[in-house]
Structures are given as structure tokens and as C-alpha cells.
Amino acid sequence: MASAGKRHITGWAIANTVVIAYALFPVWWIAALSFKEPSTLTDGNFIPEKWTLDNYRGIFDTSEFTRALINSIGIALIATVIAVVLGTMAAYAVARLRFPGKKLLIGMSLLIAMFPPISLVSPLFNIERILGIFDTWPGLIIPYMTFSLPLAIYTLSAFFREIPWDLEKAAKVDGATPAQAFRLVIAPLAAPGVFTTAILVFIFCWNDFLFAISLTSTTAARTVPAAIAFFTGSSQFQQPTGSIAAAAVVITIPIIVFVLLFQRRIVAGLTSGAVKG
Amino acid sequence: MNTPTPATSTAPAPGGTEALSEGARQERRLGWLLCAPAVVVMLAVTAYPIGYAIYLSLQRYDLRFPGQAKFVGFSNYGAVLSSDFWWEAFWVTLFITAVSVAVELVLGFTLALVMHRAIFGRGVVRTAILIPYGIVTVVAAYSWQYAWTPDTGYLAALLPSGDAPLTEQWPAIGLIILAEVWKTTPFMALLLLAGLALVPEETLRAAMVDGASAWQRFALVTVPLMKPAILVALLFRTLDAFRIFDNIYILTSGAHGTGSVSILGYDNLFTALNLGIGSAISVLIFICVGVIAFAFIKLFGAAAPGAEETGR
């Protein structure tokens, strides 16, 4: 009996290890590349023989990368804030109020969530050139609304439906003003959902590549994923492998931090809107 | 699932339009007011551009010769649909979509079962599995590209020397699928895991008492009960896979017959600067995605996510 239990545990340990290795090895590989010296870059080893930070120094020396990093952070943050504010308003209405057109709103955001981004690129490219916002921050923030707003409305309305809104009424009966009832009762209950949605939206914006390479032409608004694709080596005979690997690690760090800190909530956010219906 | 309590006690029965109380009318107005900004933004960034794309697709509009723009009817569509480039990209996209979604379903189910049944380390596995989901696709694609590049890569080193899989059509398509599967299986697994949580434990135990084997319990109890979750996951992933762009752009740039329809659209716009043809491709991709969604919802009866809640 004891040995069967032990075998069981070993089995799970192996399964877990396989899953973790599967998830991590491409990440590990690119991180290893980023720490390799140019001379050992092509050795194919998983652990660098000689560790160096030169690749990181190299990318932070040029304004190309730092500029792209600022663009990425700024654009993703602004898009997230707008999407979460507008999404919260709409999701609150969907979860709590009765009004005709609710079904239409949900249907519309579903439709938009399925939109192929490439279908928007050609008209947006021309519209933005005409409006003069091509290659600017708003020129990327606005298209990012296409996927972030439906995502925000979905996940938030799923979260909001779980909130026991009667508590608000109970607080008012107990003598709280509407503002107090909101601040002390509803806001703390709604905050985790809003925060989770913000993380998911941020990851989406941070990830975008198609809009970023199509709707920018200079370093003015180009985000890191797009900038990496245009990296060149310091001479024409040199591949930018080390720089790309280092830049890749830098933009991966925030995601890893989010995942480690908010793992449970991200899972809840991803699945609540889609599966619970 | 708990039934939602009515938002206000004064709200009239839905449908009683003539006799709206003041409170209900206010609630209505507030609802519209709160949704308006989101609706305006969504229409402005999707409905208007797609309408404009349809308009552009009916024009001869080449940015190198802007003076020659004129209305040409459906001739752009004729040009696209009669070109081998479109059909090759279309079949490649369809192939990548079908294979990657099928592999992801099997792999994702396995992962979901591991996470669902794991005795320990569930949290660690869930955290690890979110990393491929969260990581920037371009970064992952570079990792795969370097891995398969002769001289740099650990995976290319396993091949007979001189092999450069990314420069041959079928091996390259295989690697594109691999990169896509690695990145998106976790998403599939998490959706399926949520579906697994909805299967009542008692039903499984009852089946076990009745003598059903593990496989029978899975095929005859778990899967049918999870059907809605499976269909939603498949719908999401199929639509997503059909739009594949980032992985291909980094791995092969669409060379050697590996371009998807999205890559083709991008090339026509930004390499050939032909807005008319590019827009026609955009509209065609939009139609394809619509057909896939329609097929899933009508033929397989996938509930559109959120459909139940709107039924209330």
C-alpha cells in the first residue's frame, strides 16, 4: 500500500516535471543565448560557458531599444487604463442594470473579439495617414482597443456577476451613505476583478506585433516586439542574435513577474468569461 | 450556479414597455449611458474601418500611383481569387489551423487532466503553464528560430549537418505548427480545466460503481458533459490560429511557401503598397473567419461565449 502510494507520487512528480520543462525550455534557451559571449554564441549549449552582460549593455546603450521600451510601457499602460475604465462601466451596466440592447452589446463584443486584426490593418493604415496619427502613440492605442475592450467587458461582467450586490443595500440599511457603501463594500469586492482584467489587457497589448509593425515607421511609436524584428547587428557581418536575445529577455520579465504574483487570478480571469458563460 | 438576484426590487417584468416606472426608466438610461463610450469606441475602431476596407477593396488604389485611384468594382477580388498566391496561402493557413488545433486539443486535454488530478504541485504547474501563454509571441518565435538555425541551435544540431529545416516548405510548416502549439496549448488547457471543474464528481463515482473503466468514464461521462467547454475552446483557438502571423513572420517571413493569408495581406500592403488588393485580401480573411464562426455555432452547436447570460 505504502509503495503503491509512493509510486503514485513519483508518477505525479514526473508528470509535473515534464509539464514544467515543456513550459520553460524555450524561455531558458533564449535567456542562455542572451548571456553568451559572441564567441560562444553558436555552441548550442543550454548553459553559457562564459557568462557576460555585454548583450544587455549593448541594447541599453542605443536609444533604439530604450525608446521602444518606453513606447511599449506607455502605450500598453494607457490602452489598459482606457479599456479598463470603459469596460468597467459597460460591464457594471451589463451585470447589474436592466436595459434593452444588453444582448446586442455582448454579441457585438463577441464579434469584435473574433476579428482578424489583419482585416483592420489596411483601412487603419490609410485612416491614420489621413488623420496624421500614423506612427504616433494614439495610432497604436486606438487599434489596441479592438481586442482589449471586448476582453475587458467579458472578464469584468463575469466577475461582477459574482459580487453579492445586496451587501450594498444592507450597508445602506445600516446607515452608510451611498458613497460609503460603494467605497467600503462594493469597491473592495470589485477591485480584484478589475485588477485581473487590467493584467490580461496589459499582456495582450504588450504582446501585439502586427499592429506595431504595420502602424509605425520610426522609433517614435515602435514597441519592443516590433523593434526587435528590425534590429541590426553592429556591423553588417554580425547577426544581432545576442541583442535580440537580451531584448527578448527584458520584455519577458514583466510577464513572468505578473504570472508568478497573480497566477490564480489570471487563471480565473481567463476562464471565467469563456467557460462559465 | 447561483441565480442572480434582480438588481432592483422595483424593476418591472421585462416586456412591460408601456408601464415603465420612473426607476426603471432611469435604470435604462443609466445602462445606455454607461455602455455608450465602449460602444462608440468599438464601432469607431472596427465597424468603421471594416466598412472602409470594403470601400477600398473596390478601388484601384496603389500607393505608388496615388493619382490613378478609381472605382473598379470586384476586379480586385477577381485578381486575388484567381491568383495562386492566395490559394497557396489559404491552404497553408487551413493546414496549420487544422493540425495545430487538433494537436492542441489532445495535448491540452492531457495537461488539463494532469492539473485537475494532480495530488501536489498543482499551483506550480499552473504557474509554469501560464508562461507560454503570457510570453510575447515574437520572443518565443525567435527562441524557436535560433533553436532550428544550423550552427546556433541545439535542435538543429540534432539533425544531419547541412539540414536547414526553416528553408524547406514542409519542415518549416511543421516548425511553425510546433511554435504555435507550444505557445497556445496552455490557453486550451486552462479552458478545458475550467470545463473539467464543472463535471460533478458524484457522476464519475456512480459510473465507477457501475463498472465503467477509466477510458469509458472519460469518453462517456466527462467528454459529453464538457462538450460546451470543448466547443468554446475549439472555436476560440480555430479563429485565433487562422489569423496566424507573428510566428510565421519571424520564423520564415512567409518564404518557401509558408505564408499564411495574414502574411499575404501584409505583404500586399507594405511591400507592394497596393491598398486595393490588400483590402480585398483583408475582407476575404474577414469573411473566412465569419464562415468558421458561423459553422461552429450553427453546425456544432457551440454556444457563443456569453450566450447563456444574455438569455436571461
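What counts as what
- Residues numbered from 1 in each chain as written.
- Chains lettered and ligands numbered in written order.
- Predicted model: local features only at pLDDT ≥ 70, side-chain atom pairs only at ≥ 80, totals over all residues.
- Heavy atoms only, no water.
- Helix = DSSP H or I, 4+ residues; strand = E, 2+ residues; numbered from the N terminus.
- Rg over C-alpha atoms; globule rule 2.2 N^0.38 Å.
- Contact = heavy atoms within 4.5 Å.
- Lys, Arg positive; Asp, Glu negative; His and termini not counted.
- Charge placed at Lys NZ, Arg CZ, Asp CG, Glu CD.
- 1 Å grid on protein atoms, 1.4 Å probe; cavity = no way out; pocket = protein on both sides within 12 Å on 5 of 7 lines; lining within 4 Å.
- Points joined across faces, edges and corners; volume = space filled by probe spheres on them.
- Nonpolar A, V, L, I, M, F, W, Y, C, P; charged D, E, K, R; others polar.
- Domains from an automatic or database assignment.
- Buried area = accessible area lost by both parts, 1.4 Å probe.
- Salt bridge = Lys/Arg side-chain N within 4 Å of Asp/Glu carboxyl O.
- Polar contact = N/O pair within 3.5 Å; in protein donor to acceptor, adjacent residues only side chain to side chain.
- Buried < 20%, exposed > 50% of the residue type's maximum accessible area, 1.4 Å probe, protein only.
- Phe/Tyr/Trp six-rings, centres within 6.5 Å; stacked < 30°, edge-to-face > 60°.
- Axes fitted to C-alpha atoms, helices over the stretch in contact; angles between N-to-C directions.
- Parallel < 35°, antiparallel > 145°, perpendicular 65-115°, else oblique.
- Left-handed = near helix turned anticlockwise from the far one by under 90°.
- UniProt positions renumbered as here; feature names shortened; annotations may be inferred.

**Here's the deal with the overall build of chain A**
Moving on, step 1. Scanning chain A from terminus to terminus reveals 11 helices and zero strands.
Moving on, step 2. Along its sequence from the N terminus, chain A presents helices and strands in the succession α-α-α-α-α-α-α-α-α-α-α.
Moving on, step 3. Here chain A has a C-alpha radius of gyration of 23 Å; the compact-globule value for 277 residues is 19 Å, and the former is much larger.
Moving on, step 4. For chain A, the spread of C-alpha atoms along the principal axes amounts to about 75 × 75 × 35 Å.
Moving on, step 5. Sequence-distant contacts, at least 24 apart, represent 71% of the contacts inside chain A between residues at least 6 apart.
Moving on, step 6. For chain A, the distance from the average position of its 19 positive side-chain charges to the average position of its 13 negative side-chain charges is 13 Å.

**Considerations on empty space enclosed by the protein**
Moving on, step 1. Scanning the entire structure with this criterion turns up one cavity of 30 Å³ or more.
Moving on, step 2. Estimates place the volume of the largest cavity at around 1200 Å³.
Moving on, step 3. Forming the walls of the largest cavity are 41 residues, and the residues nearest its centre are Ala113, Phe147 and Phe204 of chain A together with Asp240 and Arg243 of chain B.
Moving on, step 4. With six residues, the top contributor of residues to the lining of the largest cavity is helix α6 (residues 137-161) of chain A.
Moving on, step 5. Split into classes, the residues belonging to the lining of the largest cavity amount to 26 nonpolar, eight polar and seven charged.

**Quick look at unusual backbone geometry**
Moving on, step 1. Non-glycine residue aspartate 135 of chain A carries a positive phi angle of around 65°.
Moving on, step 2. Mapped onto the fold, aspartate 135 of chain A is located in the loop between α5 (117-131) and α6.
Moving on, step 3. Its identity as a non-glycine residue notwithstanding, histidine 256 of chain B has a phi of 55°, on the positive side.
Moving on, step 4. Looking at the element boundaries, histidine 256 of chain B is found in the loop between α9 (246-251) and α10 (261-270).

**Considering the domain arrangement of chain B**
Residues and elements named next belong to chain B.
Moving on, step 1. Domains assigned within chain B are domain 1 (28-71) and domain 2 (77-300).
Moving on, step 2. One C-alpha centre belongs to domain 1, the other to domain 2, and the line joining them spans 29 Å.
Moving on, step 3. If you look at the interface, domain 1 gives 11 residues, while domain 2 gives 10 residues.
Moving on, step 4. Across the domain 1/domain 2 interface, buried area totals approximately 910 Å², and carbon plus sulfur atoms make up 69% of it.
Moving on, step 5. Applying the counting rule to domain 1 against domain 2 returns zero salt bridges.
Moving on, step 6. At the junction of domain 1 and domain 2, the tally comes to three residue pairs in polar contact (both at pLDDT 80 or more).
Moving on, step 7. Broken down by element, the side of domain 1 that touches domain 2 gets its largest block of residues, five residues, from helix α1 (residues 22-57).
Moving on, step 8. Here the side of domain 1 that touches domain 2 is composed, by residue class, of seven nonpolar, two polar and two charged.

**Structural notes on the pattern of salt bridges**
Residue and element names in this part refer to chain B.
Moving on, step 1. Taken as a whole and assessed by the stated rule, the structure comprises nine salt bridges over all chains.
Moving on, step 2. Where glutamate 22 meets arginine 25, a salt bridge forms, and the shortest distance between an N and an O atom there is 3.9 Å. Of this pair, glutamate 22 and arginine 25 both sit in helix α1, three residues apart, which is roughly one turn of the helix.
Moving on, step 3. Of the charged contacts in the structure, one is a salt bridge between aspartate 240 and arginine 243, with a shortest N-O distance of 2.9 Å.
Moving on, step 4. Residue classification places aspartate 240 among the partly exposed residues on the basis of a relative accessible area of 34%.
Moving on, step 5. Each of Glu104, Glu180, Arg237, Asp240 and Arg243 takes part in salt bridges that share partners, so that together they form one network.

**A look at the packing of aromatic side chains**
All names here are of chain B.
Moving on, step 1. For the structure on display, the rule yields 38 aromatic pairs over all chains.
Moving on, step 2. Judged by centre distance (6.2 Å) and plane angle (15°), the rings of tyrosine 48 and tyrosine 52 are stacked. Highlighted residues: tyrosine 48 and tyrosine 52, both in helix α1, separated by four residues, approximately one helical turn.
Moving on, step 3. Take tyrosine 52: its relative accessible area is 14%, and that puts it in the buried class.
Moving on, step 4. Measuring from centroid to centroid gives 6.0 Å for tyrosine 52 and tyrosine 55, while their planes differ by 20°, and the two rings are stacked. With tyrosine 52 and tyrosine 55 both in helix α1, this residue pair falls three residues apart, about one helical turn.

**Some words on the packing of α10 of chain B against helix α11 (residues 275-299) of chain B**
All names here are of chain B.
Moving on, step 1. With their axes 8 Å apart at the nearest point, α10 and α11 run at an angle of 160° to one another. With respect to α11, the element α10 is oriented roughly antiparallel. In terms of crossing hand, the pair formed by α10 and α11 is left-handed. Contacts between α10 and α11 pair Val261, Ser262, Leu264, Gly265, Asn268 and Leu269 from the former with Leu275, Ile277, Gly278, Ile281 and Ile285 from the latter.
Moving on, step 2. Considering only residue class, the contact of α10 with α11 consists of seven nonpolar, four polar and no charged.

**What about the UniProt feature "transmembrane region" (unreviewed entry) in chain A?**
All names here are of chain A.
Moving on, step 1. When the UniProt feature table is mapped onto this chain, "transmembrane region" (unreviewed entry) is found at residues 12-31, 68-92, 104-125, 137-160, 181-203 and 243-262.
Moving on, step 2. The distance from the first to the last C-alpha atom of residues 12-31 is 28 Å, and the span holds 100% helix and 0% strand.
Moving on, step 3. Across residues 104-125, the secondary structure splits into 86% helix and 0% strand, with the terminal C-alpha atoms separated by 29 Å.

**A closer look at the side chain of aspartate 135 of chain A**
Residue and element names in this part refer to chain A.
Moving on, step 1. Arginine 222 provides the closest opposite charge to the buried, unpaired aspartate 135, separated from it by 6.5 Å.
Moving on, step 2. Within polar-contact distance, the side chain of aspartate 135 engages the side chain of threonine 218 at 2.5 Å.
Moving on, step 3. Apart from the residues lying within four places of it in its own chain, the contact partners of aspartate 135 are Leu215, Thr216, Ser217, Thr218, Ala220 and Ala221.

**A short note on the UniProt feature "transmembrane region" (unreviewed entry) in chain B**
All names here are of chain B.
Moving on, step 1. Within this structure's numbering, the places UniProt gives as "transmembrane region" (unreviewed entry) are residues 30-55, 89-115, 127-149, 218-236, 248-266 and 273-297.
Moving on, step 2. Secondary structure across residues 218-236 comprises 100% helix and 0% strand; the distance between its end C-alpha atoms is 23 Å.
Moving on, step 3. In this annotation, residues 273-297 is assigned 92% helix and 0% strand; the end-to-end C-alpha distance for the span is 36 Å.

**What about the interface of chain A and chain B?**
Reports often express the size of an interface as the amount of accessible area lost when the parts come together.
Moving on, step 1. Counting residues at the interface gives 97 residues for chain A and 105 residues for chain B.
Moving on, step 2. Of the roughly 9000 Å² buried where chain A meets chain B, counting both sides, 76% is carbon and sulfur surface.
Moving on, step 3. For the pair chain A and chain B, the number of links is 17 residue pairs in polar contact (both at pLDDT 80 or more).
Moving on, step 4. In terms of residue class, the side of chain A that touches chain B is made up of 73 nonpolar, 16 polar and eight charged.

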